[in-house]
Amino acid sequence: MTTIIQTTNLSKSYGRTQVLKNIDLTIKQGEFTAIMGPSGSGKTTLMNTLSTIDSFDGGDIWIEGKSLLDMKKKALRDFRQKRMGFIFQDYNLLDTLTVKENILLPLSLQKTPVAEMEKRLEKIVEALNIEAILTQYPSEISGGQKQRTAAARAIITNPAIVFADEPTGALDSRSATQLLEQIQLLNQTFQTTVLMITHDPYAASYCQRVIFLRDGKFVNEMFKGEQSEKEFFDRILTIQSAIGSDKR
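First things first, this report covers the structure right here in the doc. (Residues numbered from 1 in each chain as written. Predicted model: local features only at pLDDT ≥ 70, side-chain atom pairs only at ≥ 80, totals over all residues. Heavy atoms only, no water.)

Helix and strand counts for the chain come out as eight helices and ten strands. Its C-alpha atoms give the chain a radius of gyration of 18 Å, within 12% of the compact-globule value 18 Å for 248 residues. Its C-alpha atoms give the chain principal-axis dimensions of about 45 × 45 × 35 Å. Across the 248 residues of the chain, 51% fall into the buried class. Expressed as a percentage of contacts within the chain between residues at least 6 apart in sequence, the contacts between residues at least 24 apart total 70%. Accessible surface for the chain amounts to roughly 11,900 Å². Of this, 48% is attributable to carbon and sulfur atoms. Within the chain, the 29 negative side-chain charges are centred at a point lying 6 Å from the centre of the 30 positive side-chain charges. (Helix = DSSP H or I, 4+ residues; strand = E, 2+ residues; numbered from the N terminus. Rg over C-alpha atoms; globule rule 2.2 N^0.38 Å. Buried < 20%, exposed > 50% of the residue type's maximum accessible area, 1.4 Å probe, protein only. Contact = heavy atoms within 4.5 Å. Areas by Shrake-Rupley, 256 points an atom, 1.4 Å probe, with all protein chains shown as cover. Lys, Arg positive; Asp, Glu negative; His and termini not counted. Charge placed at Lys NZ, Arg CZ, Asp CG, Glu CD.)

As structure tokens, this is what we get:
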């Protein structure tokens, strides 16, 4: 499989506090990976550096074989817009646009032909089961529907990788399950590479791989294999209890 992200000795500090300590990470095409760890472990900082939102102090990051150290600011911005997708806890939808317009916004900014936009839209909204709400506005739909809209917007550009930052954090249990099932389906159907930051072992149990951070270092890693979500969830809980967990 193609390597989408690779880091070597990745380090990041804020003042005198070292938040990431010599992180070595490889993410392959089509993987659905969760990064877990207690508050202050560095998981959000790791996502921000991998997604080029934040800088790093030491080591290097390669995305699709390109070193971020070799890329200028404009090239980084263009790369982030075209090759990365983002799903945030607070949706980040524009209230003045319909669901369809929100989803198509990244393609509109890239001046993608209308026929191509419609073709991509049809496949994605069917997979996420949001065909019926395309003409509605964010204020008229549920939290779960908003998050599925955000997920559709994140993958419509065919990104190399989608970064999901606590995507179920604002959802009730039913909506969270529906979203996770649909992200899992997108991963399997379109081979979308997903890196999810979460404190929730239930959300992580839908992933193929879980990496645990503590004090800026990887301390454990586990693979789902042929296990069910329930079996994987139980294993994740065991490791999470051993390393500490978010009190939320």
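This part takes up the packing of helix 3 (residues 99-109) against helix 4 (residues 114-128). One way to put it is that helix 3 packs onto helix 4 with a least axis distance of 11 Å and a crossing angle of 135 degrees. With respect to their mutual orientation, helix 3 and helix 4 come out oblique. With respect to the hand of their crossing, helix 3 and helix 4 are arranged in right-handed fashion. Between helix 3, through Lys100, Ile103, Leu104, Leu107 and Ser108, and helix 4, the contact on the second element is made entirely by Met117, Glu118, Arg120, Leu121 and Val125. Tallied by class, the residues present in the contact of helix 3 with helix 4 amount to six nonpolar, one polar and three charged. (Axes fitted to C-alpha atoms, helices over the stretch in contact; angles between N-to-C directions. Parallel < 35°, antiparallel > 145°, perpendicular 65-115°, else oblique. Left-handed = near helix turned anticlockwise from the far one by under 90°. Nonpolar A, V, L, I, M, F, W, Y, C, P; charged D, E, K, R; others polar.)

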